[in-house]
Every structure is written in structure tokens, then in C-alpha cells.
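Examining the three-dimensional arrangement
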Amino acid sequence: MSTNLLINLSYTVAAVLFILGLKFLGSPATARRGNTLSALGMLLAVVVTLLDQAIIDYRWILLGIVIGGVIGTLAARLVAMTAMPEMVALFNGFGGLASLLVGWVALAQPRLDSFLLLTIFLSILIGGVTFTGSLVAWGKLSEKLPGRPILFRGQRPANAGLLLANIACGALFVLYPEQHFWLFLAVVLSATLGVMTVIPIGGADMPVIISLLNSYSGLAACAAGFAINNNILIVAGSLVGASGIILTNIMCKAMNRTLGNVLFSGFGAAGGATGKIEGEVTALTTEDAYYVLEAAQSVVVIPGYGMAVAQAQHVVKELQLLLEKNGCEVVYAIHPVAGRMPGHMNVLLAEADVPYDLLLEMDEVNPRMETFDVAIVIGANDVVNPAARETPGSPIYGMPIINADYARTVFVLKRSMASGFAGLDNPLFYRKNTRMIFGDAKETLGRLVRELST
Amino acid sequence: MDLVYLSFILILSVFLGFELIGKVPATLHTPLMSGANAISGITLVGALVGAGGQGSTLTIVLGTMAVVFATINVVGGYLVTDRMLAMFKKRDKVK
């Protein structure tokens, strides 16, 4: 009895550490400490659980922790910062799989009532969806799978049918727990549902789906908590579930779309009419760009996924230092959905030692966009597309954008005239004040840096 | 433990989660996500009882697998978050 009391008191402390950890994650100055606190909470919860009298054999636990610990440590140490989105997706998927397995193990409990069976089913369902969904997201982000939406005829009815099949399977699982068939079917159906949910999502919508899967992994842990009667799983799981839902919501708002629209529309596959774009494209050489930059008093850099692909963050930072030495103000404007996960650009620029107080959010930078001499758009497209503001027929109409076109001069660093992930043409490229600098962003910036440093 | 009590915990935690996360600045969205992701590895606690319990071979195998995957999630998640957060610096601290 006293062991049980100790375990539950320690769980309370662990829950407090998780809560404080998340609270401290709210400010860059305290975030690292917050993460450490949260890790301590986890350590406490794990260590104290080992005192549980139901545990009689430590060999398998030790083996599992050693294997998982080595893999986790190596993965976290070795992964390149640019590969962070897929790494997060993969870790997330493993959490989901673990919850599925915990749900399965919970079936071996002696007394199973319908409610318990329902929560076991839910931890299998949500865990399975999280696992395979995250694997597909991982494949898309690491480009092992095509990044464009995968669509086929009758996809919506097929998915609706799959969802119904899942619900029916859940009912049968609860009614006939002694028949293992329903358990296996539940595993297979949830895995299929995870795949089907994520394949129609295009690359540009990845920030939404990553946040949503993050939320699911928390909900899976929460369901597993009900299945094994453990309150720390419920507390921690629902904290994560709530945080994932908030992030999902922020991402959806940043694209002016609803979650249902992201999940079911296969955005970008159809393209769509943007209306006629007037004007012509003006290309610029790096030499000419150099003269403009040398005279500039203020520059705003607008990065997008292309900066991550070209790994151009370090050379961007060099350019920033040189411009600052020249007496020019440099800031960065970050769109909430730039890149492939929430905050993707911030992490890359932090890696290049760009101070985070130079990274401005959309709402901070738009009101003063007219005052910038030059806006440098690096590998961003849809998030600076004025069609979102001006063309009511455009699929992205209404999406809040960074108004790069209001700057005095706009440099767009781009490989070619291919359209963005949304498959839309961008009127920004045809504006009078826009200059296109074609080529690999990293090379272009490298040349500018060389010119400025001589 | 009864259902009402667990649901009570659930609802309060969800509200607390909403309150806590609503204020995180966009700069920290990635570390927040990966840090929260590490917390979701709490399912490890449930896996321990399966792996070390008095169960059949099946539950021990499933439990051990759950321990492996949950540990990857926890250890990897916290380390990667720490690695990211170590890079975030304010202007005056950067030379």
C-alpha cells in the first residue's frame, strides 16, 4: 500500500514537472530549462513505476530501455537540422505504436468491462493511426515518397467506408473480446486509416498534419492511460493532445482553411484559375543585385522551404552580417506555415546563429513593409503570393500572407519559373518592383556575399 | 480508480494544456512540438508493467516492444529538443 502511495505521489510531482516544463517552453529564455524539467518528470515517473509490485522481472525492461535508449540517442545526435521535420514525425509515430502495444497488453487484464474494452480499442485505433500516419509523413518529408497529394477516384467514399468499418470493428471488439479476430482487424484497419489520412496531404500542408499527428500521439497515450488505469498517462497525454490541437489550429488559421478542408480536399492537385497575370518577368544578375543591396538601408529576408532544401541558412547569415556592417538593418519575416513543420524556419536560422529577436512574425512585419528597401524572398512562394489578397477566385484567396510586394524592391531567389507547392502561378514574379534572380539560392547568396566582402 | 475520477483528470488537463500552449511564440513552435512529443512517450510507464509483469510470453514480447519504441520516443524526443533549444540565442549573446 505504501509503495502505491509513493508511486502516486511521485506521479503528481511528475505531472507538475510536465506542466512547468511546458510553461517554460513558452519563452526562448527559459525553454531549455523547461525541457530539462519535463525530462526529469519523465525520469521520475519511469523510475518510480519500476517499484510497482506487478513488475517481477526486470530483464526485458532493461533490454528494451537499452535498445530504445541507444537508438533514440544516436538518432537525436546524428540527425541534420534540415532533416528535423521527418525526425519529429518518426519519433511521434513510435510513440503511437507504443500506445497501440500498451493497449494490446492491457487486454490480458483479468477483469475487462465494456468501458475498459472501449478504451483499449481507442488506444489501438489512435495509436495505429498515429503510427502509420507518421510513417507516411516521414516518407513524404524525407522524399522517400512523392510529396504531392496522392489522390484517386472515389477516395472520399473509400475513406468514409474505412472509418465506418473501424467503428463497426470497435463495436464488435467490445462485444466479443474473446474473439481475437476483431483485435487483429482493429490493428489492420487503424493502420490503413493512418495511411489513407495522410497520403492525400500535399507538402505545403505538412505543418498541419504534423501538428495533428502530434496531438494524436498524446490522445493515444491518454486512451492507454484509461485502459491501464494510470492517471499520469492521462494527464501527460491530454496535455500533449491539447497542445497539438492548438498548433493545428494556428497552422490552419495561417492558411485560412479549416482542418476538414486540409484533410479532405487534396489541395493543390487541381490547380485552379488564378485569372490572367499581367506584366512580365524581369531577371537580374547577381552583380546588379549587389549594387542594389549595397545602397539599401533596410532589408527583410523572407525564407521558405526552398531555403531548407538549398541549405542556404548559413550563407543567409553571412549576408546579414555583411549588410549590417554596411550600416543596413536586416530582419527576417517568418510566415507561420513556411517550411514543412511549425517553426521550421526558426530552427534553421537558429542553427545558423541568427538571433531569434530578428525573426519577426507576419503581423509585426507587414505594417512596415513599405519602409524596406529590399525584400529578399528565398525559396518561398505561396506565403508571399499576392493572389491571396487580390484574386477572389484563387484557391489561396484569403490566406494571410507576408506582403513582400509592398517593399520598394523585391528580389526573388528561385531555381526556375516553376510554380509553388500549391501549383499556383505567383503574380509577385510579374510585378514592376520584382527582380528574379534565377539559380540555386545557396550559390546566388554565396556570390552576393563574395561581392559584398570585397 | 473509477471512471469519473479519471475523466475529471482528463478534462482539467485538457483545459490546462490549452492555457499553457496558447501563449507559446511562433519561434518556439518546433521545439514545443518535439518537446510535447517526448512527453507523449509517457506511455513507456504503461509498457513497463507489460514487459516486466507476470504475463504470458505474448504480453511480455508486446510489452518489451512497447518499451523499445516508447524509449526511442522519450530519449530521442528530449535530446533533439534540447539540441534545438541550445541553438536559440538572443542578439546580444551572439558575437
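Values in this document were obtained by computation on a predicted structure and should not be read as measured data.

A count of helices and strands for chain B gives four helices and zero strands. Helices (α) and strands (β) of chain B occur, in sequence order from the N terminus, as α-α-α-α. Since a compact globule built from 95 residues should have a radius of gyration of about 12 Å, the 18 Å found for chain B marks it as more spread out than a globular shape. If you line up chain B on its principal axes, its C-alpha atoms span 60 × 30 × 15 Å.

Turning our eyes to something else, we now look at the interface of chain A and chain B. Counting from both sides, the interface comprises 98 residues of chain A and, opposite them, 78 residues of chain B. Going through the elements one at a time, helix 1 (2–24), helix 2 (31–49), helix 3 (59–78), helix 4 (84–106), helix 8 (206–227), helix 9 (231–254), helix 14 (344–351) and strand 3 (359–361) of chain A are the ones with two or more residues in the side of chain A that touches chain B. If one sorts the elements of the side of chain A that touches chain B by residue count, helix 9 of chain A sits on top with 16 residues. A breakdown of the residues in the side of chain A that touches chain B according to their chemical character gives 62 nonpolar, 27 polar and nine charged.

Let us look at the packing of helix 2 of chain A against helix 3 (residues 43–52) of chain B. In contact at an axis separation of 9 Å, helix 2 of chain A and helix 3 of chain B are set at 15 degrees when each is read in the N-to-C sense. Relative to helix 3 of chain B, the element helix 2 of chain A lies roughly parallel. Classified by chirality, the crossing of helix 3 of chain B by helix 2 of chain A is right-handed. Where helix 2 of chain A approaches helix 3 of chain B, its residues Ala45, Val46 and Thr49 of chain A are matched on the opposing element by Leu44, Val45 and Leu48 of chain B. Looking at the contact of helix 2 of chain A with helix 3 of chain B, its residues break down into five nonpolar, one polar and no charged.

This part is about the domain arrangement of chain A. Reports often express the size of an interface as the amount of accessible area lost when the parts come together. Residue and element names in this part refer to chain A. What the domain assignment reports for chain A is domain 1 (79–264) and domain 2 (286–453). Opposite the 19 residues of domain 1 that make contact, domain 2 presents 18 residues. Looking at the side of domain 1 that touches domain 2, the elements with two or more residues in it are helix 4, helix 8 and helix 9. Across the side of domain 1 that touches domain 2, the residue classes break down as 14 nonpolar, five polar and no charged.

Of all hydrophobic cores here, the largest spans 188 residues; its most connected members are Leu101, Ile302, Val377 and Ile378 of chain A together with Ala66 of chain B. Here this core takes 16 residues from helix 4 (residues 57–87) of chain B, the largest share from any one element. When residues are assigned to domains, this core turns out to be shared by domain 1 (79–264) and domain 2 (286–453) of chain A, each giving three or more.

Think of two packed helices as two axes; the pair is described by the angle between the axes and how far apart they sit. Residue and element names in this part refer to chain A. Running from amino to carboxyl end, helix 5 (residues 114–141) crosses helix 6 (residues 155–175) at an angle of 140 degrees, the nearest separation of the two axes being 9 Å. In this structure, helix 5 crosses over helix 6, and the sense of that crossing is right-handed. Contacts from Ser114, Leu117, Leu118, Phe121 and Leu125 of helix 5 reach helix 6 at Asn166, Gly170, Phe173 and Val174. Of the residues contributing to the contact of helix 5 with helix 6, the split by class is six nonpolar, three polar and no charged.

A word on unusual backbone geometry. All names here are of chain A. One non-glycine residue, Asn256, adopts positive backbone phi at about 55 degrees. Examined against the element boundaries, Asn256 turns out to sit in the loop between helix 9 and helix 10 (259–264). Here Asn256 falls in the partly exposed class, since 14 other C-beta atoms lie within 10 Å of it. In this structure, Gln311 is a non-glycine residue whose phi angle is positive, near 55 degrees. Relative to the helices and strands, Gln311 is located in the loop between helix 12 (305–310) and helix 13 (313–325). Assessed through the 15 C-beta atoms surrounding it within 10 Å, Gln311 is described here as partly exposed.

To continue, consider the sheet that holds strand 5 (residues 409–414) of chain A. Residues and elements named next belong to chain A. In space, the six strands of this open sheet follow the order 3-2-1-4-5-6, with parallel pairing throughout. Two strands lie at the open edges of the sheet, namely strand 3 and strand 6 (434–438), each paired on one side alone. Ignoring strand direction, the axes of neighbouring strands in this sheet form an average angle of 25 degrees. Taken together, the five bridges between strand 4 (residues 374–378) and strand 5 define a ladder with parallel strand orientation. Its bridge partner being in strand 5, Val374 is matched across the sheet by Thr409. Lying over the sheet, helix 14 contacts strand 1 (298–303), strand 2 (329–334) and strand 3, oriented at roughly 145 degrees with respect to strand 2.

The next subject is the confidence of the model for chain A. Counting all residues, the mean pLDDT for chain A is 89, and 95% of those residues have values of 70 or more. Every residue in residues 268–274 of chain A is under pLDDT 50, and counting partners more than four places away or in other chains gives 17 contacts.

Residue and element names in this part refer to chain A. For helix 17 (residues 441–453), spanning 13 residues, the distance from its first C-alpha to its last is 18 Å, which sits close to the expected 18 Å at 1.5 Å a residue. Here helix 17 has its buried residues at Ala441, Lys442, Thr444, Leu445, Leu448 and Val449. What you see down the axis of helix 17 is that its buried residues fit within an arc of 160 degrees, all on one side.

As a further point, take the environment of Val410 of chain A. Relative to the elements of secondary structure, Val410 of chain A occurs in strand 5. Separated by 25 residues in the primary sequence, Val410 of chain A and Asn385 of chain A have C-alpha atoms spaced 12 Å apart.

Attention now goes to the environment of Ala168 of chain A. Residue and element names in this part refer to chain A. Locating Ala168 in the fold gives a position in helix 6. Taking the number of C-beta atoms within 10 Å as the measure of exposure, Ala168 has 13 and is therefore partly exposed. Linking Ala168 and Ala186, residues 18 residues apart in sequence, is a C-alpha distance of 9.6 Å.

This part takes up the pairing of strand 4 of chain A. Residues and elements named next belong to chain A. Burial analysis of strand 4 places five of its five residues in the buried class, which makes it a mostly covered element. Judged by which residues are buried, strand 4 turns out to be covered on both faces: Val374, Ile376 and Ile378 on one side and Ala375 and Val377 on the other are all buried. With five bridges connecting them, strand 1 and strand 4 associate as parallel partners. In the strand pairing of strand 4, Val299 is matched with Val374.

Reading guide: rules and limits
Residues numbered from 1 in each chain as written. Chains lettered and ligands numbered in written order. Predicted model: local features only at pLDDT ≥ 70, side-chain atom pairs only at ≥ 80, totals over all residues. Helix = DSSP H or I, 4+ residues; strand = E, 2+ residues; numbered from the N terminus. Rg over C-alpha atoms; globule rule 2.2 N^0.38 Å. Contact = placed C-beta atoms within 7 Å. Nonpolar A, V, L, I, M, F, W, Y, C, P; charged D, E, K, R; others polar. Axes fitted to C-alpha atoms, helices over the stretch in contact; angles between N-to-C directions. Parallel < 35°, antiparallel > 145°, perpendicular 65-115°, else oblique. Left-handed = near helix turned anticlockwise from the far one by under 90°. Domains from an automatic or database assignment. Core = buried A, V, L, I, M, F, W, Y, C linked by C-beta atoms within 7 Å. Buried ≥ 20, exposed ≤ 12 C-beta atoms within 10 Å, placed from the backbone. Pairing = 2+ DSSP bridges. pLDDT = per-residue confidence, 0-100. Expected span 1.5 Å × (residues − 1). Arc of directions from axis to C-beta.

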